[in-house]
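Letter by letter, the chains look like this.
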Amino acid sequence: MKNILITGGAGFIGSNFINQILTNRDDWQIINLDKLTYAGNLENLKESDKKSNYTFVKGDINNFELVEYLFQKYKFDYVINFAAESHVDRSILGSAIFYQTNVMGTNVLLEVAKKYGIEKFLQVSTDEVYGSLGTTGLFTESTPISPNSPYSASKASADMMALSFYHTFGMPILVTRCSNNYGPFQFPEKLIPLMIINSLNDKKLPVYGDGLNVRDWIYVDDHNRAIELVLEKGKFGEVYNIGASSEMPNIEIIKMILKLLNKSEELIQYVKDRPGHDRRYAIDSSKISNEIGWAPLNSFENAIAMTVEWYLKNQAWWNRIITGEYRNYFNVQYGERLI
Ligand code: NAD
Ligand code: TYD
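Residues numbered from 1 in each chain as written. Chains lettered and ligands numbered in written order. Predicted model: local features only at pLDDT ≥ 70, side-chain atom pairs only at ≥ 80, totals over all residues. Heavy atoms only, no water.

## Focus on the site of ligand 2
Taken together, the neighbourhood of ligand 2 is formed by 18 residues, with Glu 128, Pro 206, Arg 215, Arg 274 and His 277 sitting nearest. Residue Glu 128 places a side-chain N or O atom 2.6 Å away from an oxygen atom belonging to ligand 2. At 2.7 Å, a side-chain N or O of His 277 approaches an oxygen atom of ligand 2. Of all the secondary-structure elements, those providing two or more residues to the shell around ligand 2 are helix H6 (191-200) and strand E8 (205-208). The residue inventory of the shell around ligand 2, partitioned by class, reads eight nonpolar, five polar and five charged. (Near = heavy atom within 4 Å. Polar contact = N/O pair within 3.5 Å; in protein donor to acceptor, adjacent residues only side chain to side chain. Helix = DSSP H or I, 4+ residues; strand = E, 2+ residues; numbered from the N terminus. Nonpolar A, V, L, I, M, F, W, Y, C, P; charged D, E, K, R; others polar.)

Have a look at this one:
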């Protein structure tokens, strides 16, 4: 049995990771430490919460004493750090919390892991640390780090901090840098769920700038399988890019979603561009493919249709987010489980 600390496991990617892992294996004891910011939603983990090898702890990764208490209590073998402020637009409105959580919080996890010892520490980073590409080329692991938004600058800092703990202290650090994810349970501030939900509600679809910014999309399960494999087979001190070679201009995705929902393109509304808007991201994932044997299983065409279907079937889930009711889930379900 391995004891695993997962941070930020009530968010989009972390909750999918926990749900996926707990259906596939019972040799992991998962402790999910999450602050439950606006982005955390315990309803995502309804099924996992029934499992005896899953425990939720509400708390902040910046809380050194709490993190230390958990290390003493559970003697973690692995840490997977998903916890972060993750939305670029919010980082433009206010950057301090991004620095606090993404940089300082990661530092707390690294310091405590160093103090108590750990078998593996995986830092979930992002392709946004590389900055923006022109019309050609791909991000490789040796592309210079050149982040442009307060979000990506904080993630770059955290990822380099983690790597510095490998170089300086010989800690067993692994770093993954993935492209844009989509799938179930994504908070509806991000492009794909926002466009699906607005279309369903016949609300305007705000397209930043000319709509021709390009992102490289990956289905969340493919990202999470890559994380599991890097944890199993990755070399310490190494970075692994993760991407599914699905580059697409934003406007094309929006039109696909409208088509899948049988809605009119008249809903599209071009709006003022995001300040400092990165033009293009595209990932070269040959390293993870050659060294670890990972490849995505889902094509964009199939997985976007599955995702649209999921949001159609789970209107109650996103309605509770829109009304704010999801914030009560913790109190109702977990009131007696605070430590
Ligand atoms: P998310 O915003 O959906 O979830 C973040 C989670 O972290 C939430 O549950 C939140 O409550 C929790 N959290 C925030 N601050 C915390 C703190 N101080 N202490 C404990 N918990 C805290 O984010 P996501 O999209 O699931 O992303 C997860 C990770 O993956 C992030 O590190 C992000 O940078 C990275 N990433 C995301 C994408 C993407 O497309 N979404 C792509 C590549 C990498
Ligand atoms: P987003 O989902 O915020 O991810 P990121 O900025 O981390 O890549 O945005 C994806 C792309 O969609 C990005 O180019 C900005 C654009 N976008 C819009 O055009 N309109 C929107 O309302 C949002 C949220 C994003």
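From this point, things continue past the structure.
## Details of the sheet that holds strand E5 (residues 120-126)
As summarised here, the arrangement of the seven strands in space is E3-E2-E1-E4-E5-E6-E10, forming an open sheet in which the pairing is parallel. In this open sheet, the two strands that pair with only one neighbour each are strand E3 (54-58) and strand E10 (238-242). Here the strands of the sheet are splayed against their neighbours by 20° on average, with no regard to which way each runs. Pairing of strand E4 (residues 78-81) with E5, which is carried by four bridges, proceeds in the parallel orientation. Considered in E5, the bridge of Ile 80 is made with Leu 122. (Pairing = 2+ DSSP bridges. Axes fitted to C-alpha atoms, helices over the stretch in contact; angles between N-to-C directions.)

## With respect to the site of ligand 1
Of all residues adjacent to ligand 1, which total 29 residues, the nearest are Ile 13, Asp 34, Ser 86, Tyr 151 and Lys 155. A distance of 3.4 Å is found between an oxygen atom of ligand 1 and a backbone nitrogen or oxygen belonging to Leu 36. Between Lys 155 and ligand 1, the recorded distance is 2.6 Å, taken from a side-chain N or O atom to an oxygen atom. Contact with the protein chains hides 97% of the accessible area of ligand 1, taken as 850 Å² for the molecule alone. Of all the secondary structure elements, the ones that give two or more residues to the shell around ligand 1 are helix H1 (12-24), E5, helix H5 (150-169) and strand E7 (180-182). Considering each element in turn, the shell around ligand 1 owes the most residues, three residues, to E5. (Areas by Shrake-Rupley, 256 points an atom, 1.4 Å probe, with all protein chains shown as cover.)

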